[in-house]
Amino acid sequence: MPSPQAEPEAFAARASVVHTAAGALLVALILVGLYVGREILIPLALAILLGFVLGPLVTRLRRWGLPHLLSVITVVTLALGLIGGSFAFMASEVRELSAELPTYQQTIKRKLTDLRQAIRAPGMFDGLTRTVTLVQREASHIAEEATATTGGASRVQKVEIQGESRSPLSRALDGLERVASPLLTAGIVLVFTFLILLDRLDLRDRLIRLVGGNLHRATDAMDEAGERISSYLIVQLWVNLSYGVPMALGLWLIGVPGAFLWGAVAALMRYVPYVGPMISAVFPLALAFAIDPGWSTVLWTLALIVALEVISNNVVEPWLYGSSTGLSAISLIVAATFWTALWGPVGLVMSTPLTVCLLVIGRHLPALQFFNVLLGSAPALDAPTRLYQRLLSGDVDEAVELGRELAQAADSLPAFYQDSALPVLRRTVADYQTVSTSEHRLRLITGMEALLDELHELTPLPPEPAPTVLCLGAQWEVDTLAARMLAHALALEGTPARADAALASSAESLVDITGPAPRAVCLSLFAPKPWRAARRACRRVQRRWPDARIVVCAWNLDEKALADPALVETLDAHAVAGSLVEAVLRAQESLGATVTEWEKAPVPPHDAQRLQRLRALGALDEPALRELFERTAQRAASIFDVSAAMVTVVTDKELRVLGFHGALRTAVDGQDVVIDSGKPLELPREQALCGHVVARDEVLLVPDIAKDPRFAANPGLRRSGLRFYAGAPLRMKRGGAIGSLCLLDTEPTQLSERDLKLLQAMAQDLMETIAQHKPHADVEAADAESPEEPKPSATVGQVVPDP
């Protein structure tokens, strides 16, 4: 009989098979439905895409006070007139061109004759031509002999089957059917578009209901997905027009017949990835070949096409899209093949817009995120996970190459250790007892050692005096690897340090360490509960080097555990750190050094103009404005759920707080620190993070100040006990930013990309309100900018712009 434990496993296996089969059946049904229902789905898809393009126009008319129904009728009528006029113009161009084509026959024959004579002229291919002719002659002789041997074959009688003669009425009905079919499709598209624009909000509500789950997330997903799709389609339309209109004008100036027709074809075919522009270039080149007895028209046409391609791909598209991620190149080609197989030529033209829609929906709807993974060019794995996977696979060269790329992309090598290498070791420890095998552990250790060796060679250090800091692992080899990173980071910061392979948990290994006694010892631990091991290691280190100060680097402890003031006494250590930056600072402090290296707020080149604009605003502490600033700060603190928020301006020397809400309470060096509206955070300009926001004129996010190498040693921030900062600039169109709307907290906090956009939008709204209160100052709020997206890991085939 099967064991009781085997029954659940067998049931789970059968359930997995059934689940896979059901998924495959569902995919098959969807594909069959797309193919069988293409007569209805193609007009519906066209109507949805038109709805995304025309929706912003309807919204604009409604904001101008026009009723909703009248707005929809107006937009649909204008779109119908524009599309109908374009098709009528193209039809007239086709008629004129077809009437002129017979006149170009002589030119085409003459050019072909010249080409044939040029090919047959004596030259480098004479030997090849004679050889081919000889082979053809011999092959014909062999065929004739074979025919004679078999007695000859009877000649095949040609038979022609003639159909029944059709009446003029039946031929007229066939012609009417061919004309009526596209007209009927256009009518269906028109009706669908009208209804989608008319009931857009109701359709959105129904989709949100179908998505289900969290109403906040579903609403945000639908809104942002709609904005991105609409933005992409509008931008793509402008890109195509910026290509098609110059093409038409250029061909008209060159003298190619049907110039405006080929311009329209070029604009339409740019929806087809890669091959579309090449197909659209064939027609004007063929006509240029036909109309001119010489070659100048062909060369001018080719030069025009190449120039427009270069300008469009390298200037127009980057300028209009302003983004770096989107569809990967391979997904673009697969999508074009897929939609062409299902819906024919119409599917080929619509393949890119339809696939972009799927990508954007996959980005924002959790249930459909597989579309984003399959189709997108953004990295499917974050940097630490990619490095961890390369190490697991055992490909040391590939792992080292990726590590070098990540290290070069980071702000500094210690930043790479903090953001990428240490998370890899944390995951190694987490998987140690669960999923990793002995072979996996060996690959991880050897691969990481090779990577650290490579990074040490890339950043050689000058000869220094005897190391004053000794970095040791406490229990495992991963602890020793982290100790090597810490020693390298300390050396790069100017503190002589070295790492030893000995483990602090072994008293015998500590005895074998030679050289001068260290002034400080940093113990590296990855154990999730390192109390006992750390205490034992600290005591052994104290017995070995009684005068050394001990810094325990507990890489896996959470923020709450590290903030416990009794932790240092519990471990018998002098300091405890949870991050690489903090460990470097604590090690330097243990040596009695005053850490002064931190990034001061720079002064932008246009600061004189900025200060002039700030002075033009006049007094900003009048009651109405102060109430506005405090209300904005209160709203920001409430929306983002942080301890405090404030509105500031940056003068030539200091940070001035115009509005403050909330309170920051913490302990620094055993003393209570309170920052509130009665005692706001006012700092010199060089110490204020708002100064960095003003200098960069962009959003600044610092999730944990104590772990950020740029600001961890900032004396003003350390005295305040501040751990989290996020600030958005208060921009003017001319003169730069005058200050910031910022969020503060004494606990590390993380904000999403959407949160940063919202903070930026609130800062923009505040600036617009200030401009209304100060009309004489000629102040105008600048447009908000979007944060940078992650660098793509795949070849980008189609960029998707921000809304």
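Shown above is the structure to which this text applies.
In this report, we go over the structure that sits alongside the text.

About the thresholds
Residues numbered from 1 in each chain as written. Predicted model: local features only at pLDDT ≥ 70, side-chain atom pairs only at ≥ 80, totals over all residues. Heavy atoms only, no water. Helix = DSSP H or I, 4+ residues; strand = E, 2+ residues; numbered from the N terminus. Buried < 20%, exposed > 50% of the residue type's maximum accessible area, 1.4 Å probe, protein only. Contact = heavy atoms within 4.5 Å. Pairing = 2+ DSSP bridges. Axes fitted to C-alpha atoms, helices over the stretch in contact; angles between N-to-C directions. Parallel < 35°, antiparallel > 145°, perpendicular 65-115°, else oblique. Nonpolar A, V, L, I, M, F, W, Y, C, P; charged D, E, K, R; others polar. Salt bridge = Lys/Arg side-chain N within 4 Å of Asp/Glu carboxyl O. Phe/Tyr/Trp six-rings, centres within 6.5 Å; stacked < 30°, edge-to-face > 60°. Core = buried A, V, L, I, M, F, W, Y, C linked by side-chain atoms within 4.5 Å. Disulfide = S-S within 2.5 Å.

When helices and strands are tallied, the protein shows 28 helices and 13 strands. The proportion of buried residues among the 803 residues of the protein is 41%. The long-range fraction of contacts in the protein, counting pairs at least 24 apart against all pairs at least 6 apart in sequence, stands at 72%.

Now for the sheet that holds strand 3 (residues 497–503). Pairing within the open sheet is parallel, and its 5 strands lie in the order 3-2-4-5-6. The outermost strands of the open sheet, each flanked by one partner alone, are strand 3 and strand 6 (575–577). Across the sheet, the mean angle from the axis of one strand to that of its neighbour is 25°, orientation sign disregarded. As judged from the 5 bridges shared by strand 2 (residues 469–473) and strand 4 (residues 520–525), these two strands associate in the parallel manner. Across the sheet, Val469 pairs through a bridge with Ala520, a residue of strand 4. Helix 23 (residues 580–590) rests against strand 4, strand 5 (549–554) and strand 6 of the sheet, and its axis sits at about 160° to strand 6.

Turning to its location among the elements, Val373 is positioned in helix 13 (residues 369–375). A C-alpha to C-alpha distance of 8.5 Å links Val373 and Leu359, two positions 14 residues apart in sequence.

A separate point is the packing of helix 25 (residues 623–640) against helix 28 (residues 753–773). Geometry of a packed helix pair, given as the angle between the helix axes and the separation of the axes. Running from N to C, helix 25 and helix 28 cross one another at 170°; their axes reach a closest spacing of 11 Å. When the axes of helix 25 and helix 28 are compared, the pair comes out roughly antiparallel. For the pair helix 25 and helix 28, contact is made by Ala624, Leu625, Leu628, Phe629, Thr632, Arg635, Ala636, Ile639 and Phe640 and by Asp755, Leu758, Leu759, Met762, Leu766, Thr769, Ile770 and His773, respectively. Considered class by class, the residues forming the contact of helix 25 with helix 28 number 12 nonpolar, 3 polar and 2 charged.

Where side chains of opposite charge bring their charged atoms close, a pairing between them can arise. The tally for this structure, following the rule as stated, stands at 17 salt bridges. Across the pair Asp431 and Arg427 runs a salt bridge whose closest N-O atoms are separated by 3.8 Å. For Arg427, a relative accessible area of 38% corresponds to the partly exposed category. Each of the salt bridges in this network shares a partner with another, and the network as a whole consists of Glu582, Arg586, Glu589 and Arg718.

Moving on, we get to the pairing of strand 4. Of all 6 residues that make up strand 4, 6 are buried, and the element is covered over most of its length. The alternating pattern of strand 4 places Ala520, Cys522 and Ser524 on one face and Val521, Leu523 and Leu525 on the opposite face, and all of these are buried. The pairing of strand 4 with strand 5 spans 6 bridges and is parallel. Bridge pairing links Leu523 to Val552 in strand 5.

Below, the discussion takes up the packing of aromatic side chains. Using the criterion set out here, one finds 8 aromatic pairs in the structure. Geometrically, the ring pair formed by Phe289 and Trp295 is tilted, given 5.6 Å between the ring centres and 55° between the ring planes. Judged by relative accessible area, which is 44%, Trp295 ranks as partly exposed. Pairing Trp339 with Trp343 gives two aromatic rings, centres 5.1 Å apart and planes at 50°, and the pair type is tilted.

Taken together, 6 strands build an open sheet; the order of strands is 9-8-7-12-11-10 and the sheet is antiparallel. Each edge of the sheet is formed by a strand with only one pairing partner; in this case those strands are strand 9 (671–676) and strand 10 (700–702). Here the average twist between neighbouring strands, direction ignored, is 25°. With 9 bridges connecting them, strand 11 (residues 724–732) and strand 12 (residues 736–745) associate as antiparallel partners. Following the sheet pairing, Phe724 is matched in strand 12 by Asp745. Contacts from helix 25 reach strand 7 (644–650), strand 8 (655–668) and strand 12 within the one sheet, and its direction differs from that of strand 8 by about 40°.

Another point: the side chain of Thr648. Of note, Thr648 is situated in strand 7. Residue Thr648 is classed as buried on the basis of its relative accessible area of 0%. Once residues within four sequence positions are removed from consideration, Thr648 is found in contact with Leu655, Arg656, Val657, Leu658, Cys690, Leu730, Gly739, Ser740 and Cys742.

Counting 48 residues, the largest nonpolar core has Phe416, Tyr417, Leu425, Met448 and Leu486 as its most contacted members. Residue contributions to this core peak at 9 residues, all from helix 18 (residues 477–492). For Phe416, the contacting residues outside a window of four places in its chain are Leu387, Gly403, Leu406, Ala407, Ala410, Ala421, Leu451 and Leu455. In terms of nonpolar packing, the next biggest core, distinct from the first, is built from 31 residues, Phe640, Ala645, Ala726 and Leu759 among them.

This paragraph deals with helix 26 (residues 689–696). When you tally the buried positions in helix 26, you get 7 out of 8 residues, the bulk of the element. For helix 26, the set of buried residues is Leu689, Cys690, Gly691, His692, Val693, Val694 and Ala695. Backbone geometry just downstream of helix 26 places Asp697 in the positive-phi region, at approximately 55°.

Within the element layout of this structure, Leu658 appears in strand 8. For Leu658, a relative accessible area of 3% puts it in the buried group. Taking the C-alpha atoms as reference points, Leu658 and Leu628, 30 residues apart in sequence, are found 9.6 Å from one another.

With that out of the way, let us pick up the state of the cysteines. Applying the stated criterion across every chain, the model contains 0 disulfides. In this model Cys522 remains outside any disulfide bridge; the closest cysteine sulfur is found in Cys471, 4.6 Å from its own. Classification of Cys522 by relative accessible area gives buried; the value is 1%.

Another point: unusual backbone geometry. Its identity is not glycine, yet Asp641 carries a phi of approximately 55°, on the positive side. In this fold, Asp641 is placed in the loop between helix 25 and strand 7. Judged by its relative accessible area of 70%, Asp641 falls in the exposed class. With phi around 55°, Asp697 is a residue other than glycine that occupies positive phi space. Within the secondary structure, Asp697 sits in the loop between helix 26 and strand 10. A relative accessible area of 25% means that Asp697 is categorised as partly exposed.

Following both chains from N to C, one finds helix 16 (residues 413–430) and helix 18 inclined at 175°, their axes separated by 10 Å at the closest point. Classed by the angle they form, the pair helix 16 and helix 18 counts as roughly antiparallel. Contacts between helix 16 and helix 18 involve Leu413, Pro414, Tyr417, Ala421, Leu422, Leu425, Thr428 and Val429 from the first element and Val478, Leu481, Ala482, Met485, His488, Ala489 and Leu492 from the second. Grouping the amino acids of the contact of helix 16 with helix 18 by side-chain chemistry returns 13 nonpolar, 2 polar and no charged.

Once that is clear, we can look at the side chain of Glu309. Checked against the element boundaries, Glu309 lands in helix 11 (residues 296–321). The buried category is assigned to Glu309, whose relative accessible area is 16%. Those residues in contact with Glu309 that lie beyond four places of it in its chain are Tyr243, Arg270 and Pro277.

Time to look at the environment of Val650. With respect to the helices and strands, Val650 occurs in strand 7. Judged by its relative accessible area of 1%, Val650 is buried. Those residues in contact with Val650, other than ones at most four positions away along the chain, are Arg610, Leu611, Leu614, Leu655, Arg685, Cys690, Gly691, Val694, Ile738 and Gly739.

For strand 5, the tally of buried residues reaches 5 of 6 residues, placing the bulk of the element in the interior. The sheet contact formed by strand 5 and strand 6 spans 3 bridges and is parallel. Note on strand 6: the bridge partner recorded for Cys553 is Ala577.

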